[in-house]
Amino acid sequence: MKRATPAPSGTLSRRSFIKTGAAATTVFAFGAPFISRAWAAAGAKSPCANLVPATRKVRLAGIGIGGRGYTNLTGLAEAGAEIVALCDVHFERAARSFHEYPGAARYRDFRQMLDEMAGRIDAVFVSTPDHTHFPATLMAMERGLHIYVEKPLTHTIGEARVLKAAAKKTGVVTQMGNQGHANEGTRLVKEWIEAGVIGAVREIHSWTNRPGVPGERTVWPQGIPWPDPKARGAKPRPSTLDWNLWLNVAPAREYMPDIAPFKWRGFWDYGCGALGDMGCHIMDASYWALDLGGNCKVSADQEGGSAFCGPIASTITYEIPARGPLAPIKYVWYDGGRKPAAPKELGAGKLPQNGTLYFGDKGIMFSDSYSSSVKLLPESRMKEFTNRPARTIPRVPKSNQHLEWLAAIQGGPKSGSDIADYSAGLTEFVSLGNLALRIGKPIEWDAARGICTNAPEARILINKNYRVY
Ligand SMILES: NC(=O)c1ccc[n+]([C@@H]2O[C@H](COP(=O)([O-])OP(=O)(O)OC[C@H]3O[C@@H](n4cnc5c(N)ncnc54)[C@H](O)[C@@H]3O)[C@@H](O)[C@H]2O)c1
């Protein structure tokens, strides 16, 4: 295995985070496991709180409005939200959003925004890098604000568990931004599997071209040495970027363009690698259709990864035991250009760059990244497949997660990828692959206790440390 050079030492702070910011201060001072127990002890039951009457618009604030945040901002505005406040640590990167919503209050620090806008916003979306999802989301929930947060829900499994408890406790309306969950195809996967169209599913293979396909395309780099700030002509920090706020709860480091924007995905301090980035999309339909949460064993084979950076490519195998009447499943994830063998039922066709194959006792099914296309293999079987199972799952208007979330805030049906009942579990399932990858040995996951029974050293990755910033 190719080894990358180590990251600067002494960068991890054992202290918690957030010097300012009222209510969050106390809970964070004790770290994620403490609040997890505290929320649970407080009793995890609450009706949906703070619903917005249909007579007015949902007043929305955005956190992280460059990159994906711009898509969420414009999508949510189009879906009917009133844009009231916008926050980004990098004003130049946020310029387009600021320009298009000139009436919105502007902030760099979400703690200040959430305090100052109290009573003037109903809901918040979070489209920051993965390591900041948790602090921003929890702080918004504590203030009774509805929350839309990008995938993966959190940076660690411990955080996902805390947000799940917090969502139950606060009763706010939540949605994770794995937009394919609102698709027709995601419902077809579940309905067809439940109707037995391909029989008992015993094996699933999902793959992605992220972080890149060696020799072809790099979406973002992984398996690289720690970037040397001087190696690229010491590009200065953009004057409108507050780097301390960008780092947020992550260890303090000097600014490097090799980290932000976008390329943070490959570094474990900020992102969740290829699996974390695409797993909540590509594994979503199978997780939902086959109830994959719970105990499992996970092992990983990888190339080029290190203690601070995700690998160039990996293959991760989940062994999932029987769940009630559902058969045990072997689930294999591939990234970095690795793929499963193409089944003969694919005929002359090639496997696309991302997708999932479901192998059942009675047939094979394929779905693409967001399950916008679902089909049985071979093609002849799909052509004959005219007597389709009943549509048992409600459809989402326009297959649009933004519309679904806003409607739920105004008393409509619950959003499909809500944190308490769905997306915290999906994120945990996906994150287990990274745990096996980073621990470097097969893990045995005890879901009830939230521990790896054979790898106590995983504790530090399940619940991380937070910097005071
Ligand atoms: N659902 C999807 O299809 C999809 C697509 C792309 C990205 N994403 C997710 O969206 C998130 C953002 O990804 P990206 O590609 O836009 O990253 P990015 O680095 O391109 O943009 C992040 C934005 O957040 C801002 N930001 C960073 N820290 C902040 C903070 N503490 N407070 C306020 N603003 C902050 C940055 O300045 C930037 O404008 C990630 O979690 C990613 O997984 C989802």
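Anything mentioned here points back to the structure above.
These numbers come from a predicted model, not from an experiment.

In this section: the nonpolar core. Val124, Trp246, Ile259 and Tyr318 are the most contacted members of the largest nonpolar core, which has 105 residues in total. Looking at this core, the element that brings in the most residues is helix H14 (residues 419–439), giving 12 residues. If we skip the residues at most four places from it in the chain, Ile259 touches Trp226, Trp243, Trp246, Trp264, Phe267 and Tyr270. With 23 residues, the next largest nonpolar core counts Tyr101, Ala104, Tyr148 and Val173 among its residues.

Before going further, it helps to examine the environment of Pro211. Checked against the element boundaries, Pro211 lands in the loop between strand S7 (201–207) and strand S8 (212–213). The exposure class of Pro211 is buried, given its relative accessible area of 4%. The contacts of Pro211, once residues within four sequence positions are left out, are Thr218, Val219, Trp220, Gln222, Ala274, Pro311, Ile312 and Gly336.

In this section: the pairing of strand S4 (residues 123–126). The side chains of a regular strand alternate between the sheet's two faces. Side chains Ala123 and Phe125 of S4 all project onto a buried face; the interleaved residues Val124 and Val126 project onto the opposite face, where all are buried too. The sheet contact formed by strand S1 (residues 59–63) and S4 spans 4 bridges and is parallel. Residue pairing in the sheet places Gly62 in a bridge with Phe125 of S4. Across 4 bridges, the pairing between S4 and strand S5 (residues 146–150) is parallel. Each residue of the ladder has a partner; that of Ala123, found in S5, is His146.

In contact at an axis separation of 9 Å, helix H7 (residues 157–170) and H14 are set at 175° when each is read in the N-to-C sense. If you check the angle between H7 and H14, you find them roughly antiparallel. Where H7 approaches H14, its residues Ile157, Ala160, Arg161, Leu163, Lys164, Ala167 and Lys168 are matched on the opposing element by Ile419, Ala420, Ala424, Glu428, Ser431, Leu432 and Leu435. A per-class count over the contact of H7 with H14 returns 9 nonpolar, 1 polar and 4 charged.

Attention now moves to the packing of aromatic side chains. By the definition in use, this model includes 17 aromatic pairs. Look at Tyr331 and Phe429: their rings are 6.1 Å apart centre to centre, the planes differ by 50°, and that puts the pair in the tilted class. Here the residue Tyr331 occupies a position in strand S12 (residues 329–335), and Phe429 occupies one in helix H14, the gap between them amounting to 98 residues. Judged by relative accessible area, Tyr331 falls into the buried class, the value being 0%. In this structure Phe429 comes out as buried when scored by relative accessible area, which is 2%. Here a set of aromatic residues connected by ring pairs shows up, and it is made of Tyr287, Trp288, Tyr318, Tyr331, Tyr422 and Phe429. Lying over the aromatic face of Tyr70, Arg96 brings its terminal NZ or CZ to 3.5 Å of the ring centre.

Across the interface, helix H10 (residues 273–282) lies against H14 with an axial gap of 9 Å and an inter-helix angle of 145°. Relative to H14, H10 is oriented so that their crossing is right-handed. In contact with Leu275, Gly276, Gly279 and Cys280 of H10, H14 contributes Leu426, Thr427, Val430, Gly433 and Asn434.

Calculation notes
- Residues numbered from 1 in each chain as written.
- Predicted model: local features only at pLDDT ≥ 70, side-chain atom pairs only at ≥ 80, totals over all residues.
- Heavy atoms only, no water.
- Core = buried A, V, L, I, M, F, W, Y, C linked by side-chain atoms within 4.5 Å.
- Buried < 20%, exposed > 50% of the residue type's maximum accessible area, 1.4 Å probe, protein only.
- Helix = DSSP H or I, 4+ residues; strand = E, 2+ residues; numbered from the N terminus.
- Contact = heavy atoms within 4.5 Å.
- Pairing = 2+ DSSP bridges.
- Axes fitted to C-alpha atoms, helices over the stretch in contact; angles between N-to-C directions.
- Parallel < 35°, antiparallel > 145°, perpendicular 65-115°, else oblique.
- Nonpolar A, V, L, I, M, F, W, Y, C, P; charged D, E, K, R; others polar.
- Phe/Tyr/Trp six-rings, centres within 6.5 Å; stacked < 30°, edge-to-face > 60°.
- Lys NZ or Arg CZ within 6 Å of the ring centre and 35° of its normal.
- Left-handed = near helix turned anticlockwise from the far one by under 90°.

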